[in-house]
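Each chain, written out:
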Amino acid sequence: MNAPQTATLISSDQMEEANKPHLVIQPADIQAMMDRYQYAEDTRRIIAQENLLPIGLLSRLHASFPQHSGLKETKPFLFHGRQNYTGIKGFRRVLDTLEENGIDIGHIEDRELFVEVYSFLATRHTLNSINWDDFENDSVFQLCLAQPGMINKDTVEKYKAATSAEARADIASVYMEQTNPHDGNQQLNKPWFVNDAGEVEFLDGSQHKYPQCQLVFDKTTQSCFSFCTYCFRHAQVRGDEDMFLQKDVEQLHRYLKQHKEVTDLLITGGDGGYMPVNRMAEYVMPIIEDPELLHVKNIRLASRSLTFQPEMILSSKYDKMLELFKTLRDNGVQLAWMAHFSTPRELLNPSTLAAIRRLQNAGVNVRSQSPIMNHISLFTHEDGSVDVEKSAQNWIDLAELLGMMCIGFHSMYAARPTGEHHYYTAPLADIQRIFNRIYRSLSSINRPSRHLSMTISAGKLAILGYSYVNGEKCFALQFTEARNMEWMDRVFMAKWDEAENKINLLEPIEGEKFFFEDELQEIETALAEALQKRLN
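Residues numbered from 1 in each chain as written. Predicted model: local features only at pLDDT ≥ 70, side-chain atom pairs only at ≥ 80, totals over all residues. Heavy atoms only, no water.

## Some words on the side chain of His253
Tracing the backbone shows His253 in helix 11 (residues 249-258). The class of His253 is buried, set by a relative accessible area of 7%. A polar contact of 2.9 Å, which involves the side chain of His253, links it to the backbone oxygen of Tyr283. Not counting residues up to four positions away in its chain, the partners in contact with His253 are Glu282, Tyr283, Pro286 and Leu293. (Helix = DSSP H or I, 4+ residues; strand = E, 2+ residues; numbered from the N terminus. Buried < 20%, exposed > 50% of the residue type's maximum accessible area, 1.4 Å probe, protein only. Polar contact = N/O pair within 3.5 Å; in protein donor to acceptor, adjacent residues only side chain to side chain. Contact = heavy atoms within 4.5 Å.)

Structure follows, in structure tokens:
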């Protein structure tokens, strides 16, 4: 099939660099991309008919970011056929393929312990996104495959010394209890209401921490397309007993009718992109049709499929979902696709670019919120100190790329104190230096919509910058979301600390407590008592 042809947007009076032949995409290049990615005829037809890979766009993106682009790469992929690789067996299949191609990633027992504790899942697209010629420095390799040094040395040594699979599983199970899967007191966020019979109902698959937004962990969204090694919701994807699981959709609507403050329904998981169209319709059609749900204005779909499985969207099987998205748009309900890009490389491939454009053609507002993680989107020098310039440039390039793709840059946030936090975190002072450079280097339209954010039980806390109080340097902090929304009105100060990497361990500049701590304790106590009644 012939590749779609459109007039190039790169003219002869633009940058000389952009006119170099190796930086301009030709129709033959698009055909080569489709062949390399082994697109089915259905996908090729959709790309052509819907003009999802216009030459002008691809040329401009590639010329702007050749250091990140995979658009003109021709090296054959290593992984074929199988769509995904799951658990220990899947991890070992990945190792087999790598071995067949002369690649040894080493530290197998360390990595297998991590898999037993947190599980493993990677798609073919994910694995083929990795530069296997330099895998140790590849962000996606760090993102999806366990690394030596993640789990403490003592536990690793016990695991290696175990003489049976059962003994290893026991060691992994014991360590699992230490992974803090519900940081920020997430269990306290379960909402409840009194039904028409006067009975109290808890929504076991929801969180309602902030008035305007309710999170839904539907029974169909409990897996992911690939597992992130830093995942802060590992309780969901590995199936812990206390995971959030929403089975009854009508119950959610009954709750919403009593809570007119909710404007946003956030479908998450796992991955919200796993939800089938019939189940999605059960959630959203009553919001369109029932006048008592008129207050719900936005549906947010939290999904990493654009990074891990974009081909899902480039199939005629996805047409019904796109029609549902159009129905939402035509009835004044925003569908915000909350993507999760943290490196330019994740976007600069034909599958992701085409999938983004197909969603946008259906009226979907694609946005990106991303964590800044050491080894992935935060980089260090050989001595271990943070490389502020390199780290910032990654995000500056990403922000410019998001803007070129008409994607809103929603937010950046720091690592949550869960899982292997020590591996991904960096001092807050250094992360703030990175963010400052990003923020001042971008035009206002491409900046993140909020300052660097961290989640604690009290809410989402942003570092606005630094200041001085009586000559003492301090962090300037402000809530962007809070258990009491009035806390958001106040800017407050914490002592400057060059080493601390957890915001809840910062100290107030004056007094022994921050202004919200006493009220927070009262709120959490009341929530814990309500939850305990349900458990009893």
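And the narrative resumes.
## Observations concerning the confidence of the model for the protein
Low pLDDT marks regions whose predicted coordinates should not be analysed in detail. With 92% of its residues at a pLDDT of 70 or more, the protein shows a mean pLDDT of 91. Low pLDDT, under 50, characterises residues 1-15; the predicted model gives this stretch 38 contacts beyond four residues in sequence or across chains. (pLDDT = per-residue confidence, 0-100.)

## Some words on the nonpolar core
Ranked by size, the top nonpolar core spans 103 residues in total, and within it Leu306, Phe325, Trp337 and Leu359 carry the most contacts. No other element matches the 8 residues that helix 16 (residues 388-404) contributes to this core. Grouped together as the second largest cluster of nonpolar side chains are 43 residues, Ile105, Trp132, Ile171 and Ala415 included. (Core = buried A, V, L, I, M, F, W, Y, C linked by side-chain atoms within 4.5 Å.)

## A closer look at the side chain of Arg36
One can find Arg36 in helix 1 (residues 27-36). Setting aside chain neighbours within four positions, we find Arg36 in contact with Gly70, Glu73, Thr74, Lys75 and Phe77.

## Looking at the packing of aromatic side chains
Tallying each qualifying case throughout the model produces 31 aromatic pairs. Each ring, one from Phe325 and one from Trp337, has its centre 6.5 Å from the other, and the planes form 80°; the classification is edge-to-face. Pair noted here: Phe325 is in helix 14 (residues 319-330) and Trp337 is in strand 9 (residues 334-339), with a separation of 12 residues, a long-range link. The same class applies to Phe325 as to Trp337, namely buried. Between Phe479 and Trp487, the aromatic rings sit 5.7 Å apart at their centres with planes inclined by 40°, giving tilted as the arrangement. (Phe/Tyr/Trp six-rings, centres within 6.5 Å; stacked < 30°, edge-to-face > 60°.)

## Focus on empty space enclosed by the protein
Enumeration according to the criterion identifies 4 cavities of 30 Å³ or more in this entry. Of the pockets and cavities examined, the largest cavity occupies roughly 120 Å³. The wall of the largest cavity is formed by 17 residues, among which Tyr230, Cys231, Met373, Arg416 and Thr418 lie closest to the centre. At the level of elements, helix 5 (108-118) and helix 17 (421-424) are the ones that each hand at least two residues to the lining of the largest cavity. Within this model, the second largest cavity holds a volume of roughly 40 Å³. Along its surface, the second largest cavity is lined by Gln187, Leu188, Lys190, Trp192, Phe202, Leu527, Ala530 and Leu531. If one sorts the elements of the lining of the second largest cavity by residue count, helix 19 (residues 517-535) sits on top with 3 residues. When grouped by side-chain class, the residues that make up the lining of the second largest cavity number 6 nonpolar, 1 polar and 1 charged. (1 Å grid on protein atoms, 1.4 Å probe; cavity = no way out; pocket = protein on both sides within 12 Å on 5 of 7 lines; lining within 4 Å. Points joined across faces, edges and corners; volume = space filled by probe spheres on them. Nonpolar A, V, L, I, M, F, W, Y, C, P; charged D, E, K, R; others polar.)

## What about the pairing of strand 9?
The element strand 9 is largely enclosed, with a buried count of 5 among its 6 residues. Judged from the 5 bridges that link them, strand 8 (residues 298-302) and strand 9 form a sheet pairing that is parallel. Looking at the pairing, Arg300 lines up with Ala336 of strand 9. Bridge count for strand 9 against strand 10 (residues 365-371) is 4 bridges, and the pairing is parallel. When the bridges of strand 10 are listed, Ala336 appears paired with Asn365. In this fold, the crossover linking strand 9 to strand 10 by way of helix 15 (residues 350-361) has right-handed handedness. (Pairing = 2+ DSSP bridges. Right-handed = clockwise from strand over helix to strand, strands pointing away.)

## Describing a nonpolar patch on the surface
On the surface, Trp192, Val194 and Val200 cluster together into a nonpolar patch covering about 270 Å² of accessible area. For Val194, the position within the fold is in strand 3 (residues 192-194). Its relative accessible area of 39% is what places Val194 among the partly exposed residues. (Patch = residues over 30% accessible without salt bridge, like charges linked within 9 Å, V, L, I, M, F, W, Y side chains within 5 Å. Areas by Shrake-Rupley, 256 points an atom, 1.4 Å probe, with all protein chains shown as cover. Salt bridge = Lys/Arg side-chain N within 4 Å of Asp/Glu carboxyl O.)

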